[in-house]
Amino acid sequence: MGAAVAGDDAKLLLVFCSDDYDVPVLLDAIRGGAPGVPLIGCSTAGEIGVDGAGDQSVVVLALGGPGFSVATAWADGSDGDLRRAAEEVSACVAEVESRANQVLLLLSDGLGGDQQEIVRGAYAVLGAQVPLVGGCAGDGLKMTGTLQFHDGDVRSGAVVAAAISSDGPIGIGVRHGWRRVGEPLLVSESESNRVYLLNGEPALDVYLRCLGAPAEAHTDAAAFTHFAMTHPLGLSRRSGEEVRYVAEADFERRSLVCIAEVPKGGLAWFMEGDEHSVLEASDEACGDALATLGGAPPLGFVAFDCIARRGVLGDDGIATEVERIASHANGAPVAGFYTYGEIARTRGVSGFHNQTLVVLALA
Amino acid sequence: MTTPGHWSAQQLAEFLAVVSSASHEGTALAAAVERAAEALEAEVAAVVQGGRVVAFVGFPRDHCTDALIEAAAGKRTSIDVPGAGACAVLRAEVDAETGATFVFARSGSESFEQQEVGLAGGMARVLGLTLNLHRLVDQERGLRTESEEQAHERAQLLHVLGERQALLERLFKIQRSISHRAPIESVLDAITAGAAELLGDPLVGLRLIDENDPDYLVLVSAVGIDRALERGLRRTPITEGVGGQAAMENRVVVMADYLHTPGALTQFVSDGLRAAMAAPVHRNGEVVGSLVVASYDADRRYSETEQDVLLAFAEHASLALNDASAVDAMRRAFGEAMHQATHDSLTGLPNRSLVLDRLAQALARAERRQHDVAVIFVDLDRFKAVNDTLGHRTGDRVLETVAQRLEEVVRPSDTVGRLAGDEFVIVCDDITDDIDVMHLAQRIGAVLAEPMDLDGREVVITASLGIAHAAGCRGVVHHAAQAGGAHAEERAAEDLLRDADVAMYRAKELGRSRLEVFDEALRVRLTERLDTEHSLRRAIQRWEFVLHYQPTIDVVTGRIV
């Protein structure tokens, strides 16, 4: 267990842990230490805590103190209607005490369909008034099923949320650190998060050829996923490119399965990153989050870090990354996890990200 | 890394794909505001219709604001959005008939760029069409339940659905070619082909304002206009035709009875055109041309939906032209090639072929309006001596200076061209008085005779001038018109240029640095000369030349042996 429950003024418990745990038992134990405190959390693809990054561990962050209020909710999205689920949980914003600053923290099932619909659903209810932040639960790259926690309940395919309002400022930073490779490609045929044709050719074939994928990635699902983790797609946007994580290959239909929608008719790039660019993005995300605090010292950092970035950094690299994040936190506790997708909406309407680091700083 | 001017076409393609797949009006509206806000990275997007917000994102679901209605009416340029602060407003008309308007609001200091205004316009147009088609389908459905002629209406319903599908497919193709950086010509061709196919009209033309002469439109893409007709219509005054009117008035113009509409293009009238419709095409918010469809069918009527369809294609042309890279490609591929092909590289003046083209057009207009056209032929005196003694570079400077002086002295409506070497020509359009041309020619002679300062060296050069009037040889035009059909004006133009040339030679014969007008006496001489030429040519063909004397020379001594 990572960060302990400090003081008796806890308002929210955030729990991130491996799905290998007997989660109901674990949650009971945690809740026993802080009776009546609302809890949300999820399973991960690695945990980030004050002691660094790890696997098969548990990270608990207690948020609280005066001038801080929380309301939580959960909704079932296992029927694939993630928008409706997000609309439902967003209603908890109306229940939280009104304070100067607020944010809605969302945790979802990264294997449950087009995650962008979660941001759309929440935005439809809340508008620009409430920033959104969060991440998609993982399962240690097994890609079989993830878990979401709400109080003592453990579910799959759910959206859980915590509306947080605070007298102090709330900062959010978002950065990726990937760069384009080669020429732009036309998404000639796609449906939701499945890409069938790029430049009129089967998407999988173009992907493997243009990126020079290793032979085993051509036939083996696990080898493909491993390779794809560090080779996302970038979609052309007004302020740059939006990154899309390629989750798996459909070897039958020669298509690519991404974590979020890749619209037909759009332009896409293949992208790649290295340790340096990914770590630079970590620094920038923390810097952006701190900038919003306007000089106030952070009381805690929550990091939603894409599993793909972990793939680029390797075990030593993620240790460096978490050290860097901790140094920006300047002694304040850091908690977070390696995700299957990240949520951060502060400006504009879009807010679902892939392959990025999202940092939430509370002061 | 980003490619400005490019993401907008992609965003429009995505917007179209999503909005067109909506199954009814409500879902289309909801998807539209959401996707449009995403495309523009705006906090707020809303559709306001009849003083009511019918769809929105960006405000809490139960706290929409009347400020949006005011913004839609153009009464606000900024609105306050909870969580985003003061936001700049952008609006775009979705449907003129229903008054539906798209409103966007975005935080931050940057206002909306031209490209974004274009994208918003494109999205509004796509939404307008989608809503219209949904409404049509709903109407058809309504009719179907009430009417007894169910089979007929079902067929109509299918037709409407099919049309909608075809339209969206077409627009989608165009957007794909824009976002895939197809050459601008092929995008514009796709637009004219799409308009022809969907509106079912035999003639479609896309005209853009001539960059060098904004009083004219240049045909850049066409369907169904045959070569001969196209030649005469390649460049038309902006004041004429349905396309000119649409560009001048910046609105859709319908000519239901083309034959009897003032301002109709005569070539089209004589071609038997009966109805036409045009929509303006923009670049960066400015009108730069128009898209025209036309029909030979006297019963052809353009419905409001068809006007919308044409507007949608025109918007796509605008989008393609807005694309910065496309504009560059256009300038490179089309503009420069056209310019090179039609202009003299040294002086930048129109070359012989463009001069003839403009002269032919001027003659066609003069014929209709009973005006006169004149040509002044200018040949520099002893230019070869300048070249030989002062060098070719100085010679080139002389030619540049002459070009500059000629352009300064002529009227804006006149065309100055360089035919070859030291031969220049001025086409004087729209002459009402002979004195005008004489006066202009005298001034040309005077300004050219002024000393030129070329790198500290003073050079004086004079010119011999010849004038020919079209009015003096109207008979020739008529004659050619009867004989030559579509090429009548071109032949008349060549004849007029030749007449001016003959007059100029007469000026040289009479001592140079003077001015002569082509007249009856010269015509007689010309006819004699032409006869002689003709006889000589025939004599060669018939082997009528006989050898009388042929000396043999020793190449070593040079003597006749």
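Remember, it's a predicted structure, so these values are computed and weren't measured experimentally.

**Student:** Go over the overall build of chain B with me, naming the residues and quoting the values.
**Tutor:** From N to C terminus, chain B includes 18 helices and 18 strands. Buried positions account for 45% of the 561 residues belonging to chain B. In chain B, the proportion of contacts linking residues at least 24 apart, taken out of those at least 6 apart, comes to 59%.

**Student:** Which residues make up the overall build of chain A, and what are the values?
**Tutor:** Helix and strand content of chain A: seven helices and 25 strands. A buried classification covers 61% of the 363 residues belonging to chain A. Partitioning the contacts of chain A with sequence separation of at least 6, the portion at a separation of at least 24 is 81%.

**Student:** Lay out the sheet that holds strand 14 (residues 423-431) of chain B with the relevant residues and their values.
**Tutor:** Neighbouring strands of a sheet are bound in pairs by backbone hydrogen bonds; such pairs are parallel or else antiparallel. Residues and elements named next belong to chain B. Read from one edge of the open sheet, five strands run 13-14-12-17-18, paired in mixed fashion. Either end of the sheet is taken by a strand with one partner, and the two such strands are strand 13 (415-420) and strand 18 (515-517). Put simply, the sheet's adjacent strands are angled 20° from each other on average, direction ignored. Two strands pair when backbone bridges link them, and strand 17 (residues 463-469) and strand 18 are joined in this way by three bridges, in the parallel orientation.

**Student:** How would you sum up the nonpolar core? Please name residues and give values.
**Tutor:** In this structure, V159(A), V44(B), F104(B) and L310(B) are the most contacted members of the largest nonpolar core, which totals 243 residues. Residues contacting V44(B), with those up to four places away along its chain left out, are A128(A), A37(B), F56(B), V57(B), G58(B), F59(B), V81(B), C87(B), F104(B) and A105(B). One finds L356(B), L440(B), A441(B) and V502(B) within the second-largest nonpolar core, a separate group that totals 53 residues.

**Student:** Which residues make up the packing of helix 12 (residues 352-369) of chain B against helix 17 (residues 488-509) of chain B, and what values do they have?
**Tutor:** All names here are of chain B. Interhelical geometry of helix 12 versus helix 17 gives an angle of 110° and a closest axis separation of 8 Å. In terms of axis orientation, helix 12 runs roughly perpendicular to helix 17. Only E489, E490, A492, A493, E494, L496 and L497 of helix 17 make contact with helix 12, whose side of the interface consists of L356, L359, A360, L363 and A364. Across the contact of helix 12 with helix 17, the residue classes tally to nine nonpolar, no polar and three charged.

**Student:** Pulling in residues and values, what's your account of the sheet that holds strand 1 (residues 10-17) of chain A?
**Tutor:** Residue and element names in this part refer to chain A. The strand order across the open sheet built from five strands is 5-1-2-9-10, with neighbouring strands paired in mixed fashion. Strands with a single pairing partner mark the edges of an open sheet, and in this sheet they are strand 5 (58-64) and strand 10 (153-155). Looking at each pair of strands side by side, their axes are set apart by 15° on average, direction ignored. On the sheet, helix 1 (residues 23-33) packs against strand 1, strand 2 (39-43), strand 5, strand 9 (148-150) and strand 10 and is oriented at approximately 150° with respect to strand 1.

**Student:** Got a sec to walk through the pairing of strand 2 (residues 52-57) of chain B? Specific residues and values, please.
**Tutor:** All names here are of chain B. Taken together, the five bridges between strand 1 (residues 44-49) and strand 2 define a ladder with antiparallel strand orientation. Within strand 2, the position partnered with V47 by the bridge is A55. Once strand 1 ends, the chain turns through two residues before running back antiparallel as strand 2, passing G50 with a positive phi of about 55°.

**Student:** Give a detailed account of unusual backbone geometry, specifying residues and quantitative values.
**Tutor:** Look at M143(A): it is not a glycine, yet its phi comes out positive at around 60°. Structurally, M143(A) can be placed in the loop between strand 8 (132-137) and strand 9.

**Student:** Describe the environment of L119(B), listing the residues and the values that go with them.
**Tutor:** By the secondary structure assignment, L119(B) is in helix 4 (residues 114-146). Put simply, L119(B) and A36(B) are 83 residues apart on the chain and 9.1 Å apart in space, counted from C-alpha to C-alpha.

**Student:** Residues and numbers for the pairing of strand 14 of chain B, please.
**Tutor:** Residue and element names in this part refer to chain B. Here strand 12 (residues 372-380) runs beside strand 14; their pairing, made up of seven bridges, is antiparallel. Bridge pairing in strand 14 links V375 to V427. As paired strands, strand 13 and strand 14 are joined by five bridges and run antiparallel to one another. From the neighbouring strand, G417 faces strand 14, where its bridge partner is V425.

**Student:** For helix 1 of chain A, give the residues involved together with the corresponding values.
**Tutor:** All names here are of chain A. Along helix 1, the residues that are buried comprise V23, L27 and I30. The arc enclosing the buried residues of helix 1, seen along the axis, measures out at 65°, which places them on a common side. Opposite its buried face, helix 1 presents the exposed residues V25, D28, A29 and G32, each directed more than 90 degrees away. On its buried side, helix 1 packs onto strand 1, strand 2, strand 5, strand 9 and strand 10.

**Student:** Explain the confidence of the model for chain A residue by residue, including any values.
**Tutor:** Overall, the predicted model of chain A reaches an average pLDDT of 90, with 98% of residues at or above 70. Segment residues 1-6 of chain A is flagged for pLDDT under 50; beyond a separation of four residues in sequence, or across chains, it makes 21 contacts in the model.

**Student:** For helix 17 of chain B, give the residues involved together with the corresponding values.
**Tutor:** For helix 17 of chain B, with 22 residues, the first-to-last C-alpha span of 32 Å sits near the 32 Å given by 1.5 Å per residue. Downstream of helix 17 of chain B by one or two residues, G511(B) has phi in the positive range, about 115°.

**Student:** Explain the packing of helix 14 (residues 392-409) of chain B against helix 15 (residues 434-449) of chain B to me, using residue names and the numbers behind them.
**Tutor:** For any two helices packed against each other, the geometry is given by the interaxial angle and the distance between the axes. All names here are of chain B. Axis separation between helix 14 and helix 15 bottoms out at 10 Å; the angle between their running directions is 140°. The two elements helix 14 and helix 15 cross, and the hand of that crossing is right-handed. Together, V402, R405, L406 and V409 of helix 14 and R443, I444, V447 and L448 of helix 15 make up the contact between the two elements. The residue makeup of the contact of helix 14 with helix 15, split by class, is six nonpolar, no polar and two charged.

The rules behind these values
- For every chain, the first residue of the written sequence is number 1, and numbering continues from 1 onward in sequence order.
- By the order in which they are written, chains take letters starting at A while ligands take numbers starting at 1.
- pLDDT decides what is reported in this predicted model: residues at 70 or higher carry local features, side-chain atom pairs at 80 or more are listed and counted, and totals for whole chains, interfaces and linings draw on all residues regardless.
- A helix here means a DSSP run of H or I that spans at least four residues, while a strand means a run of E at least two residues long, and both kinds are numbered starting from the N terminus.
- Note on burial: count the other C-beta atoms lying within 10 Å of the residue's C-beta; 20 or more is buried, 12 or fewer is exposed, in between is partly exposed, and C-beta positions come from the backbone.
- Whether two residues are in contact depends on their C-beta atoms, placed from the backbone: they are in contact if these lie within 7 Å.
- A pair of strands is treated as paired once DSSP finds two or more bridges between them.
- Helix axes are fitted only over the stretch in contact, all axes being lines through C-alpha atoms; the angle between N-to-C directions runs from 0 to 180 degrees.
- Structurally, a nonpolar core is described as a collection of buried Ala, Val, Leu, Ile, Met, Phe, Trp, Tyr and Cys residues joined by way of C-beta atoms within 7 Å.
- Any angle between 65 and 115 degrees counts as roughly perpendicular, while under 35 counts as roughly parallel, over 145 as roughly antiparallel, and the rest as oblique.
- Gly falls in the polar group here, along with every residue not listed as nonpolar (Ala, Val, Leu, Ile, Met, Phe, Trp, Tyr, Cys, Pro) or charged (Asp, Glu, Lys, Arg).
- Here the arc refers to the set of directions running from the helix axis out to each C-beta atom.
- Per residue, pLDDT measures the predictor's confidence, with a range of 0 to 100.
- Here the expected span of a helix is defined as 1.5 Å times the quantity of residues minus one.
- Definitions for this section: a left-handed crossing has its near helix turned counterclockwise from the far helix by less than a right angle. A right-handed crossing has that turn clockwise.

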